[in-house]
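Each chain, written out:
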Amino acid sequence: IGKSTSLGTALVDMYAKCGFLAKALDVFNEILIKDAFTWTALMAGYAQLGQFKEVRASFNQMVSEGIVPDVVTFVVLLTACSHSGLVEEGEMYFDTMKNVFCVVPTVDHCTCMVDLFSRAGHFDKAMVIIEKAVPKGRLQMFVALMASCRKWLNVHIGRWAFEHSVQLDVTYATVYVSMRNIYAATGLIEEAEKIEALQMQNKVWEAPGCCWWADG
């Protein structure tokens, strides 16, 4: 393993995704030459377990060793910030990504920021990100926004996101499910049923096993 960065990275990634972080770390430490993929695999493992301090420490060590983080590294980092509720750190890493490492934000990065802001109730900031994005990239951002609208019982912004989503893709089942969930969470059962009827009218079918209280 010590001589094979690609094999070692694959093992780190496998163990990390399975939750065997100790094994992932053992393999990681045996790899002689680590690249951005190796570090990102380890960071993803920490992030999956909610260990943000380790994610941050790994990122800092990676950079200190002269390894340039890539697009996926920042997706992992921003997702970890979002799930940990670290809004200011997320904003800092997003700015660092653009201004220090010259990484152009992708749809995934922007979706992470929408998720970060909206989870914390900063819907104004989340909507600014969406409005700056190109139309074809907004759909998954709307989904992230609607998930937080359910959490915060924000029907107004949830409806706004739903209406814009169906303009982009009237057949995307997830947004119908999300909107029904928002209405159901706020006790607006009749409105939830109207969304269900609209979904049927537009012949939008959900994946097997999908139910309208299961997202979030």
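Preceding block: the structure.
A. Region of interest: the overall build of the protein. When you go through the protein residue by residue, the secondary structure sums to 12 helices and zero strands. Reading the protein from its N end, one meets helices and strands in the order α-α-α-α-α-α-α-α-α-α-α-α. Structurally, the protein occupies a C-alpha span of about 60 × 35 × 25 Å along its principal axes. In the protein, the share of contacts with a sequence separation of at least 24, taken over all contacts with a separation of at least 6, comes to 61%. Accessible area of the protein: about 11,200 Å², with a carbon and sulfur share of 58%. Taken as two groups, the 18 positive and 23 negative side-chain charges of the protein have centres that lie 1 Å from each other.

B. Quick look at the packing of helix α10 (residues 155–168) against helix α11 (residues 173–185). With their axes 10 Å apart at the nearest point, α10 and α11 run at an angle of 165 degrees to one another. Judged on the interaxial angle alone, α11 and α10 are roughly antiparallel. Considering only the axes of α10 and α11, their crossing is left-handed. Residues Val 155, Gly 158, Arg 159, Phe 162, Ser 165 and Val 166 of α10 form the contact with α11, whose own contacting residues are Val 175, Tyr 176, Met 179, Ile 182 and Tyr 183. For the contact of α10 with α11, the residue count by class is eight nonpolar, two polar and one charged.

C. A look at the environment of Met 97. With respect to the element layout, Met 97 can be found in helix α6 (residues 87–99). Among the residues examined, Met 97 registers a relative accessible area of 0% and is labelled buried. Linking Met 97 and Thr 73, residues 24 residues apart in sequence, is a C-alpha distance of 9.8 Å. For Met 97, the residues in contact, after removing those within four places along its chain, are Phe 74, Cys 102, Val 103, Pro 105 and His 109.

D. Inspection of the nonpolar core at higher detail. Ranked by size, the top nonpolar core spans 63 residues in total, and within it Val 12, Val 114, Leu 145, Phe 162 and Val 175 carry the most contacts. Every residue in contact with Val 12, bar those within four places of it in the chain, is listed here: Ala 24, Val 27, Phe 28, Ile 31, Thr 38, Ala 41 and Leu 42.

E. Examining the environment of Trp 205 more closely. Relative to the helices and strands, Trp 205 is located in the segment after α12 (189–201). According to the relative accessible area criterion, Trp 205 is exposed, its value standing at 59%. Residues Trp 205 and Ala 80, spaced 125 residues apart in sequence, show a C-alpha to C-alpha distance of 32 Å. Excluding anything up to four places from it in sequence, Trp 205 contacts Ala 173 and Met 200.

F. The pattern of salt bridges, seen in detail. All told, the structure shown has seven salt bridges when counted by the stated rule. For Arg 119, the salt bridge is made with Asp 115, and the minimal N-O distance between the two is 2.8 Å. Residue Arg 119 and its partner Asp 115 are located together in helix α7 (residues 107–119), separated by four residues, close to a single helical turn. One salt bridge in this structure joins Glu 191 and Lys 194, with 3.3 Å as the shortest N-O distance. Here Glu 191 and its partner Lys 194 are both found in helix α12, three residues apart, which amounts to about one turn of the helix.

Reading the values: rules and limits
Residues numbered from 1 in each chain as written. Predicted model: local features only at pLDDT ≥ 70, side-chain atom pairs only at ≥ 80, totals over all residues. Heavy atoms only, no water. Helix = DSSP H or I, 4+ residues; strand = E, 2+ residues; numbered from the N terminus. Contact = heavy atoms within 4.5 Å. Areas by Shrake-Rupley, 256 points an atom, 1.4 Å probe, with all protein chains shown as cover. Lys, Arg positive; Asp, Glu negative; His and termini not counted. Charge placed at Lys NZ, Arg CZ, Asp CG, Glu CD. Axes fitted to C-alpha atoms, helices over the stretch in contact; angles between N-to-C directions. Parallel < 35°, antiparallel > 145°, perpendicular 65-115°, else oblique. Left-handed = near helix turned anticlockwise from the far one by under 90°. Nonpolar A, V, L, I, M, F, W, Y, C, P; charged D, E, K, R; others polar. Buried < 20%, exposed > 50% of the residue type's maximum accessible area, 1.4 Å probe, protein only. Core = buried A, V, L, I, M, F, W, Y, C linked by side-chain atoms within 4.5 Å. Salt bridge = Lys/Arg side-chain N within 4 Å of Asp/Glu carboxyl O.

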